[in-house]
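Reading the structure
Okay, here's what each chain looks like letter by letter:
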Amino acid sequence: MAQIVPLIILIPALGAFINTFWGSRLEERQSALVGIFASTGAFIVALLLFFNLMGNNYQEAVINPFFFDSWIRIPSAGVEIPWQMRVDTLSVTMMLVITGVGSLIHVYAMGYMHGDPRFSRFFTYLNMFLAFMLILVTGNNFLMLFVGWEGVGLSSYLLIGFWFDKAHGEGYRNANAARKAFIANRVGDFGLLMAIFLIFWTFGTLDFYKAAEVVNTHALTGAAASQNAGHGDEHGSDASHGAEDSHSTTEDGHASIIVLTGASLQETHGEATDAHGSESASEHGETDAHGASPDAPVYLNNDHIPTELLGVFGKAERMLAENATVQFGPFSLGIGAVITLITLFMLLGATGKSAQIPLFIWLPDAMAGPTPVSALIHAATMVTAGVYMMVRSNVLFHASDTTSFIVAIIGATTALMAGYIALGQWDIKKVLAYSTVSQLGFMVAAVGFQAYVPAMFHLVTHAFFKALLFLGSGSVIHGMEHGHHHMHDHHKNEAHHDGHEHDEHAIVEHDAFDPQDMRYMGGLARRMPLTYLTYLIGTLALAGIFPFAGFWSKDEILADAFLKGVEDGGLVGAGAFIALGMLLIAAGFTAFYMWRQMELVFYGDHRHDAAAHAPESAPSMILPLLVLAFFSLTIGFMNTPSGIGLAWIAGGAHRFADWIIVSVQHAHVGVFLPLLALVALSVGIGAILLARSIYGGGKAYVDGTDALQKTVFAPGFQLSSARLYWDEIYFALFITPFIRASKFFGITLDWNWWHDGFHHALRDLFNGFGRILARPIESGIIDATVLGVGRLATWVSSRMRRIQTGYVRTYAVVLLSGAILVIIALLIPLFQNGG
Amino acid sequence: MVQTEAFVMLSAVLFVMGTLGVLVRRNAILVFMSVELMLNAANLSFVAFAKHWQNLDGHLFVFFVMTVAAAEVAVGLALIVTIFRSKQSIDIDELHQMEG
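Given the structure is predicted, the values throughout are model-derived calculations rather than measurements.

Turning our attention to the overall build of chain B. The helix and strand tally for chain B stands at three helices and zero strands. Counting helices and strands in the order they occur from the N terminus, chain B gives α-α-α. Whereas a compact globule of 100 residues would reach a radius of gyration of roughly 13 Å, chain B reaches 17 Å, over 25% beyond that. Residues classed as buried in chain B amount to 13% of the 100 residues present.

Listed below in structure tokens is the structure:
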């Protein structure tokens, strides 16, 4: 069992590998099948893990894959970070969503990307994304999460900018969008990285939970109570790992230990000396957390484990209980403040990845990527990574009320703001993008209210209906493009070239037709009935209409907001109520802009010939739509609240909550407040009816103005359409000064001063010095000296030459005088002596 | 007897006259004659001192000097004949081609 867990990463990685190196040689169909098989293979593994968990009472497992002995190990610094994978209900939930929706989107992409010149590369990137996302959710420590975090950021960049070579300058637009996404994510990554540093400094480890830890005591106690506990201690044959009998003996009658029979929960010990139960097995490459013997005793809390052997969250709870302080060099901070700091940094990371204020700006631009990318990455999976991270770190967020408050406010504000902006968008995908930001705001707000189950529930339901909506919009866009080509065929009798490229027409002049612009659409319900039907289901699910999926998940969030406002008084309570109000208004906006979109796209009459000729899409695109529509209808029932009579559908009320709670310590089963649900429902339905009255009947878009612009809300619409000037503000605040600063550093400082000024000064100095050396010294002194010798010799010789008169008589005179001098010299001593 | 000093003085006078003759004369043969005069003055001085010291070395040396004088004259006159053949004159002031 444990051996197949690494496959969930290896299969998509293998698919990416194959498509990278042999993709150009494969046909389109084969390349797509490699990708689809990789994706469905991962889905099958996830399903197997799911059934395994269902079968063994949701017991988690920590797996060391066979191909990694140990990942990062610096014994001298006490760093031990293993590549460990964690299979528990939370990660399996994410795995199922990622691989399930991912597989459907792979199938969809086979039809959508048909004819693209870099077809196989697309599937490479998709599989690579899957592999990294699965690393993110299966990691048992923060570093693996970060590896996956970065990897999906990279995949997102590659996929958004996939059409970087599109003609007419559009390629630049796509590349800029990709770069914007990467950079905005990078700012978030800084936050997450700081959080990881702080976590390591504070806790000395990055593991979520070590293999032996119990995650949620309450869940296990509840499970124990619901089973046939109550036996005394029964020493089963010791579990598969050696001599731990002595320990179980001493635990006779210990109040915290209840031994369960019939439960396949594993006995583990936290002794440091003996090879730690599951870790010894993990050193041999596998762990089986599903107990070997049915009589193994079980621990329901971590009291028996010394602090050093706990993971981050266990240590956090211990340190909070002891009120420890953390040393940072000469400073020290209380653990509460440190955890607040950590969670604030994590929030920064989440705002980057999950597109909250202030780093959400990349998500609307990311719509420049192909629609399957938008559906997979920017609706269902990558953007949920931030929410997953926060739910996984629920212990830390639960401990810090300050951060939770800020998280809730940010989430609710984002939900409201994005919902408002979505009202004024013309691009069909931009509406969905801002809708995603808004719904992510719901999830983040739920985390802020410490309502972790509703957050995850909304994550799952949202994945389905948002992916459905995106794929549906892709179908619409495809239809519009086809209609555009066929329209030209009809009108101009041009040769119909294989018109599935996404480039503009090469034959006709580049007209301003944008297949994604809703102003050209209309009346598509008749032309594309299946697309329309599934889109309608997605819309109703998103708007939170009973009994579709969104109703259940959204209501749980609102209920938790209300309860938090009631329980906590003062500022926090007021904040919760404000957030509740914002979320309600955002829900209203959601229903309104979705129905506006329905009216603009599907109802009414076509506003452009392309819409009149749009065909229904290929089966490879319709089939995923149908599957997702089915799930959008039914997935909500997996977490029906108790008390209303719908529990029979999923075999029990709040099944999902029970499932998630095992892995999330501070989660609780959601409460259902019928009155609040009714309010939300009426808000949703009311918004739809309002939209219908404003936009319905063919007056959605007339004479170049949106129907809303004819009402009193026109300036509001204008502001919304201008996207609240976020990009312009960022440009003015950050980007322009940054460019100016970099220009200053590059041009003024580096080129003008350093290069032209300083370097030229050096050059002139050098030249001047050389000149000094050359003329005065070389020519003046040295040459003069050397030549002077010669000139001296010449001058002397010219003087001396005159002795050579040539006359014999002169020589005779000289000879005589010399002789006389010699004689005198000889005679001098005589004169000196005697005289 | 005649005193040795008289002979030496005579030798000196003859020597000086010969020297002046060498320096002043332009005719090459006359220069040679002056050189002979100088040599003979030296000879006289040798003989005078030989008599004074009753030593035969002086006489011997005169032999050598005379031999050398004769050889020198032969060579010198050969030179003069050669010069005359090229310059048609024996004025020594015309022989200044090797000047600096």
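All names here are of chain A. Two strands pair when backbone bridges link them, and strand E5 (residues 325-328) and strand E6 (residues 331-334) are joined in this way by four bridges, in the antiparallel orientation. Among the inter-strand pairings, Gln327 is bridged to a residue of E6, identified as Ser332. Between the antiparallel neighbours E5 and E6 lie two residues, among them Gly329 with a positive phi of about 65°.

Let us now look at the domain arrangement of chain A. By the assigned domains, chain A splits into domain 1 (725-803) and domain 2 (807-835). Between the C-alpha centres of domain 1 of chain A and domain 2 of chain A the distance comes to 68 Å.

Moving on: the nonpolar core. All names here are of chain A. By size, the foremost hydrophobic cluster in this structure holds 241 residues, and its most contacted members are Leu134, Ala445, Val447, Ala467 and Leu583. With 18 residues, the top contributor of residues to this core is helix H18 (residues 452-492). For Ala445, the contacting residues outside a window of four places in its chain are Ala408, Gly411, Ala412, Ala415, Ile557, Ala579 and Leu583.

With an omega dihedral of 5°, the bond running from Ile357 of chain A to Pro358 of chain A counts as a cis peptide bond. With respect to the secondary-structure elements, Pro358 of chain A resides in the loop between helix H11 (335-353) and helix H12 (362-365). With a phi close to 55°, Tyr725 of chain A is a non-glycine residue in the positive phi region. Tracing the chain through its elements places Tyr725 of chain A in the loop between helix H27 (714-721) and helix H28 (726-800). Judged by local crowding, Tyr725 of chain A falls into the exposed class, with 11 C-beta atoms found within 10 Å. Of note, Gln54 of chain B is a non-glycine position whose phi angle comes to about 55°, a positive value.

So, about the packing of helix H14 (residues 385-392) of chain A against helix H17 (residues 428-448) of chain A. Residues and elements named next belong to chain A. Here H14 crosses H17 at 10°, and the two axes come no closer than 10 Å. Comparing the axis directions of H14 and H17 gives the class roughly parallel. On the side of H14, the interface is formed by Val387, Met390 and Val391, while H17 contributes Met443, Val444 and Val447. Its residues assigned to classes, the contact of H14 with H17 comprises six nonpolar, no polar and no charged.

A word on the packing of H17 of chain A against helix H22 (residues 570-601) of chain A. Residues and elements named next belong to chain A. Where H17 contacts H22, the axes come no closer than 11 Å and their chain directions differ by 160°. Relative to H22, H17 is oriented roughly antiparallel. Crossing angle aside, the handedness with which H17 passes H22 is left-handed. For the pair H17 and H22, contact is made by Ile428, Val431, Ser435, Ser438, Phe442 and Ala445 and by Ala579, Leu583, Ala586, Thr590, Tyr593, Gln597 and Val601, respectively. Considering only residue class, the contact of H17 with H22 consists of nine nonpolar, four polar and no charged.

Next up on the list: the environment of Ala586 of chain A. Residue and element names in this part refer to chain A. The topology assignment puts Ala586 in helix H22. On a C-alpha basis, the gap between Ala586 and Thr794 in space is 109 Å, while along the polypeptide they are 208 residues apart. Here Ala586 is in contact with Ala415, Leu416, Gly419 and Ser438, once residues within four sequence places are set aside.

Among the 10 residues that make up helix H13 (residues 371-380) of chain A, 10 are buried, leaving the element largely enclosed by the rest of the structure. Among the residues of H13 of chain A, Thr371, Pro372, Val373, Ser374, Ala375, Leu376, Ile377, His378, Ala379 and Ala380 of chain A are the ones counted as buried.

Residue and element names in this part refer to chain A. Tracing the backbone through its elements, the reader meets Gly696 in the loop between helix H26 (674-695) and strand E7 (701-702). On the neighbour-count criterion, Gly696 (17 C-beta atoms within 10 Å) is partly exposed. For Gly696 and Ala455, which are 241 residues apart along the polypeptide, the C-alpha to C-alpha distance reads 34 Å. Contacts of Gly696, omitting those with residues within four sequence positions, involve Glu599 and Tyr603.

Confidence along chain B averages 93 in pLDDT terms, with 100% of residues attaining 70 or more. Under the prediction, the complex receives an ipTM of 0.89, its pTM being 0.74.

For the rest of this paragraph, the subject is H14 of chain A. The α-helix winds at 3.6 residues per turn, so residues separated by three or four positions along the chain end up facing the same way. Summarising burial for H14 of chain A: eight of the eight residues are buried, a large majority. Looking at H14 of chain A, one finds that the buried residues are Ala385, Gly386, Val387, Tyr388, Met389, Met390, Val391 and Arg392 of chain A.

To continue, consider the environment of Asp303 of chain A. Secondary-structure assignment places Asp303 of chain A in the loop between helix H9 (277-283) and helix H10 (312-322). Residues Asp303 of chain A and Met598 of chain A, 295 residues apart in the sequence, show an inter-C-alpha distance of 57 Å.

Take the confidence of the model for chain A next. Any residue range with low pLDDT should be treated as having predicted coordinates unsuitable for detailed reading. Residues and elements named next belong to chain A. With 86% of its residues at a pLDDT of 70 or more, chain A has an overall mean of 82. In the predicted structure, residues 225-293 sits below a pLDDT of 50 and forms 129 contacts with residues beyond four places in sequence or in another chain. Across residues 493-510 the pLDDT falls below 50, and counting only partners more than four positions away or on other chains, this stretch makes 20 contacts in the model.

Definitions and limits used
- Residues numbered from 1 in each chain as written.
- Chains lettered and ligands numbered in written order.
- Predicted model: local features only at pLDDT ≥ 70, side-chain atom pairs only at ≥ 80, totals over all residues.
- Helix = DSSP H or I, 4+ residues; strand = E, 2+ residues; numbered from the N terminus.
- Rg over C-alpha atoms; globule rule 2.2 N^0.38 Å.
- Buried ≥ 20, exposed ≤ 12 C-beta atoms within 10 Å, placed from the backbone.
- Pairing = 2+ DSSP bridges.
- Domains from an automatic or database assignment.
- Core = buried A, V, L, I, M, F, W, Y, C linked by C-beta atoms within 7 Å.
- Contact = placed C-beta atoms within 7 Å.
- Axes fitted to C-alpha atoms, helices over the stretch in contact; angles between N-to-C directions.
- Parallel < 35°, antiparallel > 145°, perpendicular 65-115°, else oblique.
- Nonpolar A, V, L, I, M, F, W, Y, C, P; charged D, E, K, R; others polar.
- Left-handed = near helix turned anticlockwise from the far one by under 90°.
- pLDDT = per-residue confidence, 0-100.

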